[in-house]
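Summary of structural features
Residues per chain are reported as follows:
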Amino acid sequence: MRPLRTRGAAAATALAAAAAGIAAAVSLLPAPAPATDAALASETSAEAAAGPWLTGYWHNFDNGSTTLPLSEVPSEYTMVAVAFADNLAGTPGGITFNLASDELGGYTEQQFKDDIAGIQAEGRKVIISVGGQKGHVDVTNAEQAAGFARSAHDLMQEYGFDGIDIDLEHGINARYMEDALRDLHSRAGGDTIITMAPQTIDFQAPSYDYYKLAQAIPDILTIVNMQYYNSGSMMGCDDQVHSQGTVDFLTAQACIQLELGLRPDQVGLGLPATPQAAGGGHQPTSNVIAALDCLETGSNCGSFTPAEPYGPIGGVMTWSINWDATNGYRFARDISARLGGGPSPSPTPTTSPSPSPTPTTDPPGDCEEPAWDSGTVYTGGDRVSYEGTVYEARHWTRGDTPQDSEWGPWKAVGAC
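Residues numbered from 1 in each chain as written. Predicted model: local features only at pLDDT ≥ 70, side-chain atom pairs only at ≥ 80, totals over all residues. Heavy atoms only, no water.

A short note on helix H4 (residues 109–121)
Quick reminder of the rule: In this text, helices come from DSSP runs of H or I with a minimum length of four residues, and strands from runs of E with a minimum of two, each type numbered from the N-terminal end. Multiplying 1.5 Å by the helix residue count minus one yields the expected span of that helix. Only protein chains enter the accessibility calculation, which uses a 1.4 Å probe; a residue is then buried when its area is under 20% of its type maximum, exposed when over 50%, and partly exposed in between. As used here, the arc belongs to the directions running from the helix axis to the C-beta atoms. In this analysis, two residues are considered to be in contact whenever any of their non-hydrogen atoms come within 4.5 Å of each other.
The end-to-end C-alpha distance of H4 is 18 Å, a good match for the 18 Å that 13 residues give at a rise of 1.5 Å each. Listed as buried for H4 are Phe112, Asp115, Ile116 and Ile119. Relative to the axis of H4, the buried residues are bounded by an arc of 105 degrees and lie together on one face. On the buried face of H4, the contacting elements are strand S1 (53–59), strand S2 (79–83), strand S5 (125–132) and helix H5 (142–159).

Okay, structure coming up:
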């Protein structure tokens, strides 16, 4: 989840393969199997947990945004994901948690535990997230699945976590992760929160493991908070390529999960809280609200409109609470108000890709490189000018506004 990864090149490669078949794959999805009594009971408990969720990731580290104790997390965040768990040495598949007290200004274990209890006393949830860019936990066999479940349950008992978030960005094994999560669910009880935060590429085809995992555990799954950022352009369920940073990017990809068979309340939209929080894909909150309106009621859509409205969506996720704090919690305020207030009455999107060349702000003659155009496809090594700066593409990109970033598709190479 933290934006220290570079996956645009992999996404572009997978996109080429997915483009030919994503619409057909969605249309051929198998119908959900009839629910057993146990599955219905679990589904009811998952639905009763609460929602819609506003999920935010809380940093157990200092990455230059800001640090804060859990007690300062605004009440608008109804689910707090603690980032991140660590590998448990000596236990295959095992996880543990090591509070970074030094990085957090002397925040103690007892204060941390007390703050978790305080959040829960307000009816909110706190879960432990496994993964992120640096986290790499292997759950690829029965022994590792059992070790994961036991150690995750131990953390829930020690700290009071309400459940777990799967944010493993180096890949998962759907079969054994399902075994681990079902084992954890049976140990911790029917009200256990189970979430996942796959990257956009992870749902581009039914053969991908996150896709298969979501298909396998709808009875115990709380919500899938897709990461609609750090992605470049991706294929939607309408068999069209959409650029990150747009309403269509959210709606046409959320459609994939909804047509997969997940309940609408199990689908969440994941966005960076500020432009600095990710290498690309930040959107104004008005776009996020418009996407919710489009999916829920068919209103305020971009070029893609669902064939039928899906009804209330499960919520919105952000990376991260700490980055949101640097902006006065603007993300939390705006999105919480929308989740609690229902669809907005009028169109609100502020950006969308233009089919015609986008005018540049560069004065004529100042730059030798061509002006960036939102509708043009650029590949690695291509150079453009934008607002007086020359940028070079790291990999395939279209519609991603140039900005100097360690992780995004563009890097600044000099002034005009």
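Let us keep going from here.
A closer look at the sheet that holds strand S13 (residues 383–386)
Put simply, the rule reads: Two strands pair under a simple rule: DSSP has to find at least two bridges between them. In this analysis, axes come from line fits to C-alpha atoms, helices being fitted only over the stretch in contact, and the angle between any two N-to-C directions falls in the range 0 to 180 degrees.
Taking strand neighbours across the sheet as the criterion, the 3 strands line up as S13-S14-S15 in an open arrangement whose pairing is antiparallel. In this open sheet, the two strands that pair with only one neighbour each are S13 and strand S15 (410–415). On average, each strand axis in the sheet is inclined to that of its neighbour by 35 degrees, with strand direction left out of account. Alignment of S13 against strand S14 (residues 389–393), held across 4 bridges, turns out to be antiparallel. Paired with Ser385 across the strands is Val390, a residue of S14.

Considering H5
Definition in use: As used in this structure description, the phrase polar contact means that two N or O atoms lie within 3.5 Å; if the pair is within protein, one of them must be able to donate a hydrogen and the other to accept it, and residues adjacent in sequence are counted only when both atoms belong to side chains.
When the terminal C-alpha atoms of H5 are compared, their 26 Å separation across 18 residues agrees well with the 26 Å that a helix rising 1.5 Å per residue should span. Along H5, the residues classified as buried are Gln144, Ala145, Gly147, Phe148, Ala149, Ser151, Ala152, His153, Leu155, Met156 and Tyr159. Contacts from the buried residues of H5 go to strand S4 (95–96), H4, S5, strand S6 (163–168) and helix H6 (174–188). At the N-terminal boundary of H5, the capping side chain belongs to Asn141, with an oxygen 3.1 Å from the backbone nitrogen of Glu143. Two residues or fewer after H5 comes Gly160, characterised by a positive phi angle close to 90 degrees.

A word on the state of the cysteines
Put simply, the rule reads: Count a disulfide wherever a pair of cysteine sulfur atoms falls within 2.5 Å.
If you walk through the whole model with that rule in mind, you get 2 disulfides. Here Cys237 is linked by a disulfide to Cys255, with a sulfur-sulfur distance of 2.1 Å. Judged by the torsion about the S-S bond (100 degrees), the Cys237/Cys255 disulfide is right-handed. Here Cys237, found in the loop between strand S9 (234–235) and strand S10 (241–242), pairs with Cys255, found in helix H8 (residues 247–260); they are 18 residues apart in sequence, far enough to count as distant. Assessed through its relative accessible area of 4%, Cys255 is described here as buried. Between the sulfur atoms of Cys294 and its disulfide mate Cys301 the distance is 2.0 Å.

A look at the confidence of the model for the chain
Interpretation of the predicted coordinates at a detailed level should be avoided for regions scoring low in pLDDT. Note the cut-off: The predictor's confidence in any single residue is recorded as pLDDT, a number from 0 to 100.
In this model, the chain carries a mean pLDDT of 84, and residues with pLDDT of at least 70 account for 80%. A low-confidence stretch, residues 1–49 (pLDDT under 50), is modelled with 89 contacts involving residues beyond four sequence positions or located in other chains. Below pLDDT 50 for its whole length, residues 346–365 participates in 34 contacts with residues either more than four positions away or in separate chains.

Some words on the sheet that holds S2
Here we have 8 strands rolled up into a closed barrel, ordered S1-S2-S5-S6-S7-S8-S11-S12, and parallel in their pairing. Averaged over all pairs of adjacent strands, the angle between strand axes in this sheet comes to 25 degrees, irrespective of strand direction. Bridge count between S1 and S2: 5 bridges; the pairing is parallel. Each residue of the ladder has a partner; that of Tyr57, found in S2, is Ala81. This element, H6, spans S6 and strand S7 (193–196) of the sheet and lies at about 165 degrees to S6. In the packing of H8 onto the sheet, the strands contacted are strand S8 (223–227) and strand S11 (267–272), and the crossing angle to S11 comes to about 145 degrees.

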